[in-house]
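The residues making up each chain are set out below.
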Amino acid sequence: MSAVCVMVLGTSSGAGKSWLATALCRHYARQGLKVAPFKAQNMSNNARVVASSPERDRFAAGPPQGETAPSGGSDPRQRWSVGAEIGSAQYFQSLAARAEPEVRMNPVLLKPEADTHSQYVLMGRVDAELTALPWRERGERAWPTVRQALHELIAENEVVVIEGAGSPAEINLMPNDIVNLRVAREAQARCLLVTDVDRGGAFAHLYGTWSLLAEADRALIRGFVLNKFRGDPALLHPGPQQLQDLTGVPMLGVIPMQWRHGLPEEDGVFDDRSHAAGPVHTTIAVVAWPRISNLDEFQPLKNLPGVRLKWVRSPADGAHLDAAADVVVLPGSKATAADLDWLREQGLDRWVAEHAARGGRVLGVCGGLQVLGEALIDTEGIDGNAPGLGLLPLVTTFARDKTVRRTEAAFTTVRGPWAALSGAAVSGYEIHHGQTAPHPAMQAAGAVAHEVMPGLAWQNTDGNVLGLYLHGLFEDDRVLRALFGAAAPTLETVFDRLADTLREHFIPGALDALIAP
């Protein structure tokens, strides 16, 4: 078996590469083909836990007899699993392709920790040596691993859908490129170049990108795609033909603007215009701090009828919340102490505390859980020391080793406004350096953090403040039904809608021609 490679390049970040690659994965999978996604290098703090490739088959059904799960965890309610990280986009693309998500699909993941620094994750594991290297030296060191992962997927599949990053025409980055043109050449990929027409200048973006490529690389471009178009497609005439006359590349698809396509956003926060339609009974205000991570786990809330998802960057953004109905969420963070400083600078620490004091529901997820406690203690130089918000009598100590695992667990008895979660079995994943436990002195004085999921979740005495390490809570239909009485559309439904959109808005036969011998 040797796969045909279809690659999605973009004129910029946000052009629609991830969306289009996901749709292509489902389109080709629906034809009965064996499909896998691939992105050589992803920069995102949105990550998912998958099996690392060498362990995938060996441990598919759990640890062999006599072996201990390397990911730790002794509670019988927690499933054993092998943990490795890939970008969320490739995780969802693999599900769209009806393939098991695994680490070769995204061999390099860069997780920004500051504007000038990122953690380097190679084949699902943090690589301290590569993390410490200057930016331009990392690519050459990682390329042999990237190349091997690509060729293994090509050998095992019939179609590999490859996603690029940013733009392939970043001339300052071309010599060190391991994610765009270098991959396209290596795979001899049939490439689509997509642009965001809603931003304006789409024809210039397509032509400018094409013109900056070398002649041999231009030959890999099989078609242009206009994404996020609003209006009458006839108004584009004669632009597509003029562009084809200049480049020899046809316009294969014009995709309409879709506010509610249902696919989690890869990098940016959600657009307020895309919240669910209908009367709003619950507002969920998510604090959008600078190093927010795993924001894609809130996508199902955006798809629920009657639920409004709102991003908060200042107290004014979160004004007029109903303490009886609405929820404040402190999400995950790739730099918890720094984001906590930012929270205080904005005055949002007081805003969160006031909402909790009124009896309003507060939820902290991973880094958000850590922030809700009394203190962050960092003796390893991982994240930083800081006093917490003091809404839960907990203390977090950062460990050098990162916990990365899939987890199945169950809530015990949950109090107060979160009581509907009592006894609920949930599945999700953990990615964290911090280890959290009750504050010893406060516990001795009678301030108790009520553990409602062994080693993973705690709430205050009143029950309105809940913190947990488990990501993916709102991706579990059992949780959505318990809390909101409804479930979001399934991912299968979302993927099929994406593929239907391609079939409707691409030139008939164009997608089949891309993979023809």
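Look a little higher up for the structure.
Let me sum up the structure you'll find in this document.

Definitions and limits used
Residues numbered from 1 in each chain as written. Predicted model: local features only at pLDDT ≥ 70, side-chain atom pairs only at ≥ 80, totals over all residues. Heavy atoms only, no water. Helix = DSSP H or I, 4+ residues; strand = E, 2+ residues; numbered from the N terminus. Buried < 20%, exposed > 50% of the residue type's maximum accessible area, 1.4 Å probe, protein only. Pairing = 2+ DSSP bridges. Contact = heavy atoms within 4.5 Å. Axes fitted to C-alpha atoms, helices over the stretch in contact; angles between N-to-C directions. Salt bridge = Lys/Arg side-chain N within 4 Å of Asp/Glu carboxyl O. Core = buried A, V, L, I, M, F, W, Y, C linked by side-chain atoms within 4.5 Å. Parallel < 35°, antiparallel > 145°, perpendicular 65-115°, else oblique. Left-handed = near helix turned anticlockwise from the far one by under 90°. Nonpolar A, V, L, I, M, F, W, Y, C, P; charged D, E, K, R; others polar.

Looking now at unusual backbone geometry. Here His 237 and Pro 238 are connected by a cis peptide whose omega angle stands at 5 degrees. Looking at where Pro 238 falls in the secondary structure, it is placed in the loop between β11 (221–229) and α9 (239–247). A positive phi angle, close to 45 degrees, is found at Gln 188, a residue other than glycine. Within the secondary structure layout, Gln 188 lies in the loop between α6 (181–187) and β10 (190–196). A relative accessible area of 53% means that Gln 188 is categorised as exposed.

In this section: the sheet that holds strand β6 (residues 108–114). Pairing in this open sheet of 4 strands is mixed, and the strands run β3-β6-β7-β8 from one edge to the other. Among the strands making up the open sheet, the edge pair consists of β3 (41–43) and β8 (125–126). Both β6 and strand β7 (residues 117–122) contribute to a ladder of 6 bridges, which runs antiparallel. Bridging across to β7, Pro 112 finds its partner in Ser 118. Together, β3, β6 and β7 form the strand contacts of helix α5 (residues 135–156), whose direction differs from that of β7 by roughly 15 degrees.

Opposite charge on two side chains permits pairing when their charged atoms draw close. For the coordinates displayed, the defined rule picks out 25 salt bridges. With its nearest N and O atoms 3.2 Å apart, the salt bridge here joins Arg 199 to Asp 196. Salt-bridge contacts for Glu 380 lead to Arg 400; the nearest nitrogen and oxygen are separated by 3.0 Å. Note that Glu 380 is positioned in the loop between β19 (375–377) and β20 (386–387) and Arg 400 in strand β21 (residues 394–410), a separation of 20 residues in sequence. Sharing partners across several salt bridges, the network here consists of Arg 26, Arg 30, Glu 492, Asp 496, Asp 500 and Arg 503.

In terms of nonpolar packing, the biggest core is built from 87 residues, with Leu 20, Leu 24, Tyr 28, Phe 38 and Phe 506 touching the most fellow members. Take this core: its biggest share by element is 8 residues, from helix α1 (residues 17–29). Those residues within four positions of Leu 20 in sequence are excluded, and the remaining contacts are Val 8, Leu 192, Val 194, Val 225, Leu 502 and Phe 506. Judged by nonpolar contacts, the second largest core, of 68 residues, contains Ile 292, Leu 304, Leu 363 and Leu 394.

Right, let's talk about the packing of α1 against helix α3 (residues 88–96) for a bit. At a closest axis distance of 8 Å, the pairing of α1 and α3 adopts a crossing angle of 20 degrees. Judged on the interaxial angle alone, α3 and α1 are roughly parallel. Seen along the crossing, α1 lies across α3 with a hand that is right-handed. Between α1, through Ser 18, Ala 21, Thr 22, Cys 25, Arg 26 and Ala 29, and α3, the contact on the second element is made entirely by Ala 89, Phe 92, Gln 93, Leu 95 and Ala 96. Of the residues assigned to the contact of α1 with α3, the class counts are 7 nonpolar, 3 polar and 1 charged.

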